[in-house]
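Understanding the architecture of this molecule
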Amino acid sequence: MRPGIHPVSRPVVFRDRMAGFRLLTRSTLDAQDTVEWEDGTMYPVVDVDISSASHPFYTGTSRVMDTAGRVERFERRYGRTAPARH
């Protein structure tokens with residue numbers, strides 16, 4: 001790799017405040033705030049809105065859509081369409 005053209009990768013804590021989840025990993029993001037990690041070292045922290053700890057897909061709290069019921073409701077409301085003409 002050529003020196004001086006790549007961003008600096010450093011340890012950063014990503015924090016999901018809604019779920020109380022923290023992840024220490026390497027990143028090139030700059031963060032102004034710091035937080036103390038479990039080993040007593042201070043690391044820059046980046047707050048995220050959603051993570052695997054709070055996303056419905058990973059937590060299993062997502063809703064299952066009833067597609068058959070939606071089709072029937074649409075047909076009741078608007079009726080069946082006329083057959084297509086050729």
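Let me begin by describing the structure that accompanies this report.

Definitions and cut-offs
Residues numbered from 1 in each chain as written. Predicted model: local features only at pLDDT ≥ 70, side-chain atom pairs only at ≥ 80, totals over all residues. Heavy atoms only, no water. Helix = DSSP H or I, 4+ residues; strand = E, 2+ residues; numbered from the N terminus. Buried < 20%, exposed > 50% of the residue type's maximum accessible area, 1.4 Å probe, protein only. Contact = heavy atoms within 4.5 Å. Pairing = 2+ DSSP bridges. Core = buried A, V, L, I, M, F, W, Y, C linked by side-chain atoms within 4.5 Å. Salt bridge = Lys/Arg side-chain N within 4 Å of Asp/Glu carboxyl O.

**Observations regarding the overall build of the chain**
Counting secondary structure elements, the chain contains 2 helices and 4 strands. Along the chain, helices (α) and strands (β) appear in the sequence β-β-β-β-α-α when read from the amino end. Counting the 86 residues in the chain, one finds 16% classified as buried. If you take every contact in the chain between residues at least 6 apart in sequence, the share linking residues at least 24 apart comes to 32%.

**Considerations on the pairing of strand β4 (residues 42-48)**
With 4 bridges connecting them, strand β1 (residues 10-16) and β4 associate as parallel partners. Each residue of the ladder has a partner; that of Phe14, found in β4, is Val46. In this sheet, β4 lies alongside strand β3 (residues 34-36) in antiparallel orientation, the contact comprising 3 bridges. Within β4, the residue paired with Glu36 across the bridge is Met42.

**Structural notes on the nonpolar core**
Within the largest apolar cluster, 5 residues are counted, these being Val13, Val35, Trp37, Tyr43 and Val45. Residues in contact with Tyr43, not counting those within four places in the same chain, are Pro11, Val13, Leu24, Asp33, Thr34, Val35 and Trp37.

**Re the pairing of β1**
In summary, the side chains of a regular strand alternate between the two faces of the sheet. Most of β1 sits out of view: 5 of its 7 residues are buried. In this sheet, strand β2 (residues 21-27) lies alongside β1 in antiparallel orientation, the contact comprising 7 bridges. For Arg15, the partnering residue across the bridge sits in β2 and is Arg22. The antiparallel pairing of β1 with β2 creates a hairpin that spans 4 residues between the two strands, and Gly20 there sits at a positive phi of about 70°.

**As for the pattern of salt bridges**
Taken as a whole and judged by the stated rule, the model has 3 salt bridges. Notably, a salt bridge pairs Arg15 with Asp47, separated by 2.7 Å at the nearest N-O pair. Here Arg15 is found in strand β1, whereas its partner Asp47 is found in strand β4, with 32 residues between them in sequence. Note on Arg15: relative accessible area 18%, which makes it buried. A salt bridge links Asp47 to Arg17; the nearest nitrogen and oxygen atoms lie 3.5 Å apart. Of this pair, Asp47 sits in strand β4 while Arg17 sits in the loop between β1 and β2, and the two are 30 residues apart along the sequence. A network of salt bridges, in which partner residues are shared, links Arg15, Arg17 and Asp47.

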